[in-house]
Amino acid sequence: MFEKEIYVKRRAALKSKMSNGILLFLGTSEASVNYPGNTYRYRQDSTFNYFFGLTDPDLAAIIDLDSDEEIIFGNDVDIDDIIWMGPQPFIKDKAASVGVGKSLPLSNLSEYVAKALNQGRKVHYLPPYRYHNMIQLHKMLGIGFDDLKAGASVEFIKAVVSLRLVKEACEIAEIDKACDIGYAMHYTAMKMAKLGVLEQELVGIMEGIAVSQGLMPSFPIILSQNGETLHNHSHHQYLTEGRLLVIDAGAETNSNYCSDFTRTLPSSGKFTTQQKEIYDIVSAANDLVISISRPGITYTDVHLKMSRLIAQGLVNVGILKGDVDEIVAEGAHALFMPHGLGHNMGMDVHDMEDLGENYVGYDDTYKRSTQFGLGSLRMGKMLEPGHVITDEPGLYFIPALIEKWKNEGINTRFINFPLLEEKYYNFGGIRIEDDILITETGCRLLGSKRLPHTTEAVEAEMAM
Ligand code: GLY
Ligand code: MN
């Protein structure tokens, strides 16, 4: 938790961006795994944490834009809770610790909202992503489940996004911490990865590091020698000669700030010549992004410049043919990189994806492309100081996708299908991901150390 003034200032900034009505914030509740008392690890809602700093379950808040009243809703513990959970501060003291002067029991929330609705006032809420909160909103607002997302306040969403997207110094310090934990997770895996080791063992050790130094991994760890599957959560294979291991993982601090790194390791500790050729393209693409990202360029432009580099690299090894500008304009390179270059990161690893990707990564000026590959870019708009984004180029050989393009005649004039069939169907994938902060003049890598990212550095680290 930051100092009280941070939350007071954030709420004042939010109010200054809104017109009138009431703002309704729902925190999260515990979620059961297999019976009510056995719950998943608890995680507060990011927007609630951002404006109110309290990370306990079953809290809600209201900001009345017309009267300027702020209220935290929550229940004080009773003697039963004290027996099982120990004594807890009163809600009014928790509220005071973040500069909120009024608190009420949670059961008063629906009455408060009903009164506002009866007075014909606008109740602004954010798109819900937890079923419990959908039920609460449905009961309070009378909106059908299927209409809840569409009924969320665009004005509220845009105001929250504009604040959360530009990181304050205290947030950057937390993200740096999350990156240092992420570094430790990856570095340990890099040291432990040896022929015969089970992928799941690496996952377990990495998760343990995240939990022992912070809250948890920032998303379920992606770790597989079938790295051509972009988000592969199967970890059942033993490390085998000649394969590539993609590890995409990050940590979340206790204050809910995240990191997200990807490294690709040769299972045996040594890259083959073919693997090196492709790895060097991805590594150069990752470096290019760091060298050109700065205020005044859109991340779409960075993605496209990076795309030209990977297209040229694939032409050089004979996988693509033709003019690089044409290849990128037609999106032919996206057969090998079907995802976007990166996304915003903060209190969510895909920052504010719950509020709607297009509000976060695009705006009225910069619209999302519909082209395959580029259309998956989550962050496309103009870069500004304080933006935190991932730089995650990759190259993948997905036999089913290659076959589909061949059979359907998609971009066939640019693609050397016989070479792919002969040499690349068992290649797997390569992704290299770092986290960057846009500064006044350029960008910097987040975290105090950069994970090895060249073939030489990775091989040297794995050999030590
Ligand atoms: N690192 C996982 C993702 O960006 O989707
Ligand atoms: Mn990522």
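Calculation rules
Residues numbered from 1 in each chain as written. Chains lettered and ligands numbered in written order. Predicted model: local features only at pLDDT ≥ 70, side-chain atom pairs only at ≥ 80, totals over all residues. Heavy atoms only, no water. Helix = DSSP H or I, 4+ residues; strand = E, 2+ residues; numbered from the N terminus. Rg over C-alpha atoms; globule rule 2.2 N^0.38 Å. Buried < 20%, exposed > 50% of the residue type's maximum accessible area, 1.4 Å probe, protein only. Contact = heavy atoms within 4.5 Å. Areas by Shrake-Rupley, 256 points an atom, 1.4 Å probe, with all protein chains shown as cover. Lys, Arg positive; Asp, Glu negative; His and termini not counted. Charge placed at Lys NZ, Arg CZ, Asp CG, Glu CD. Pairing = 2+ DSSP bridges. Axes fitted to C-alpha atoms, helices over the stretch in contact; angles between N-to-C directions. Donors = N, O, S within 2.8 Å, 3.2 Å for Na, K, Ca; no water. Near = heavy atom within 4 Å. Polar contact = N/O pair within 3.5 Å; in protein donor to acceptor, adjacent residues only side chain to side chain. 1 Å grid on protein atoms, 1.4 Å probe; cavity = no way out; pocket = protein on both sides within 12 Å on 5 of 7 lines; lining within 4 Å. Sits in = over half its atoms within 2 Å of the grid points. Salt bridge = Lys/Arg side-chain N within 4 Å of Asp/Glu carboxyl O.

Focus: the overall build of the protein
So, point 1. Along the backbone of the protein there are 16 helices and 17 strands.
So, point 2. Computed over C-alpha atoms, the radius of gyration of the protein comes to 24 Å, within 12% of the 23 Å expected from 2.2 N^0.38 for 464 residues, which places it in the range of a compact globule.
So, point 3. Counting only C-alpha atoms, the protein reaches 70 × 50 × 40 Å along its principal axes.
So, point 4. Every one of the 464 residues in the protein was classed for burial, and the buried ones make up 54%.
So, point 5. Residue pairs at least 24 apart in sequence account for 72% of intrachain contacts in the protein once pairs closer than 6 positions are excluded.
So, point 6. For the protein, the exposed area adds up to about 19500 Å²; of that, 53% sits on carbon and sulfur atoms.
So, point 7. Between the centroid of the 43 positive side chains of the protein and the centroid of its 62 negative side chains there is a distance of 2 Å.

Here's the deal with the sheet that holds strand 13 (residues 388-391)
So, point 1. Reading across from one edge, 13-16-17 is the order of the three strands in this open sheet, with antiparallel pairing throughout. The open sheet has two free edges, formed respectively by strand 13 and strand 17 (443-445), since each of these has just one partner strand. Each neighbouring strand pair of the sheet contributes to a mean axis angle of 35 degrees, computed without reference to strand direction.

Some remarks on the coordination of the manganese ion (ligand 2)
For a metal with four tetrahedral donors the ideal donor-metal-donor angle is 109.5 degrees, while six octahedral donors give ideal angles of 90 or 180 degrees.
So, point 1. Here the manganese ion (ligand 2) is held by the protein donor atoms Asp260 (OD), His343 (NE2), Glu392 (OE) and Glu433 (OE), which lie 2.1 to 2.3 Å from it.
So, point 2. Written as a sequence motif, the donor arrangement for the manganese ion (ligand 2) is D-x82-H-x48-E-x40-E. You can see aspartate 260 sitting in the loop between strand 11 (251-252) and strand 12 (261-266) and its partner glutamate 433 sitting in the loop between strand 15 (429-431) and strand 16 (434-438), a full 173 residues away along the chain. As far as burial versus exposure is concerned, aspartate 260 and glutamate 433 are alike and both buried.

What about the pairing of strand 5 (residues 70-73)?
So, point 1. Every second residue of strand 5 is oriented toward a common face, with Glu70 and Ile72 on one face and Ile71 and Phe73 on the other, all of them buried.
So, point 2. With antiparallel pairing between neighbouring strands as the criterion, strand 4 (residues 60-64) and strand 5 make up a hairpin whose turn holds five residues, including aspartate 68 at a positive phi of roughly 70 degrees.
So, point 3. As paired strands, strand 5 and strand 6 (residues 102-104) are joined by three bridges and run parallel to one another. Paired with isoleucine 72 across the bridge in strand 6 is serine 103.

Remarks on the site of ligand 1
So, point 1. All residues in the neighbourhood of ligand 1 are listed as Phe219, His231, Asp248, Asp260, His343, His350, Glu392 and Glu433.
So, point 2. For ligand 1, an oxygen atom lies 2.9 Å from a polar atom in the side chain of histidine 343.
So, point 3. The protein chains hide 95% of the 200 Å² of surface that ligand 1 would expose on its own.
So, point 4. Comparing atom positions with the cavity grids shows ligand 1 to sit within the largest pocket.

Side note on the pattern of salt bridges
So, point 1. Under the counting rule described, the total for this entry stands at 33 salt bridges.
So, point 2. Glutamate 459 is the partner of lysine 276 in a salt bridge, and the nearest nitrogen-oxygen pair spans 3.8 Å. Here lysine 276 is found in helix 10 (residues 273-292), whereas its partner glutamate 459 is found in helix 16 (residues 455-463), with 183 residues between them in sequence.
So, point 3. Looking at lysine 276, the relative accessible area reads 29%, which means it is partly exposed.
So, point 4. The salt bridge involving lysine 406 is made with glutamate 403; its shortest N-O contact spans 3.8 Å. Taken as a pair, lysine 406 and glutamate 403 lie in helix 14 (residues 399-408) at a separation of three residues, close to a single helical turn.
So, point 5. For glutamate 403, a relative accessible area of 26% puts it in the partly exposed group.

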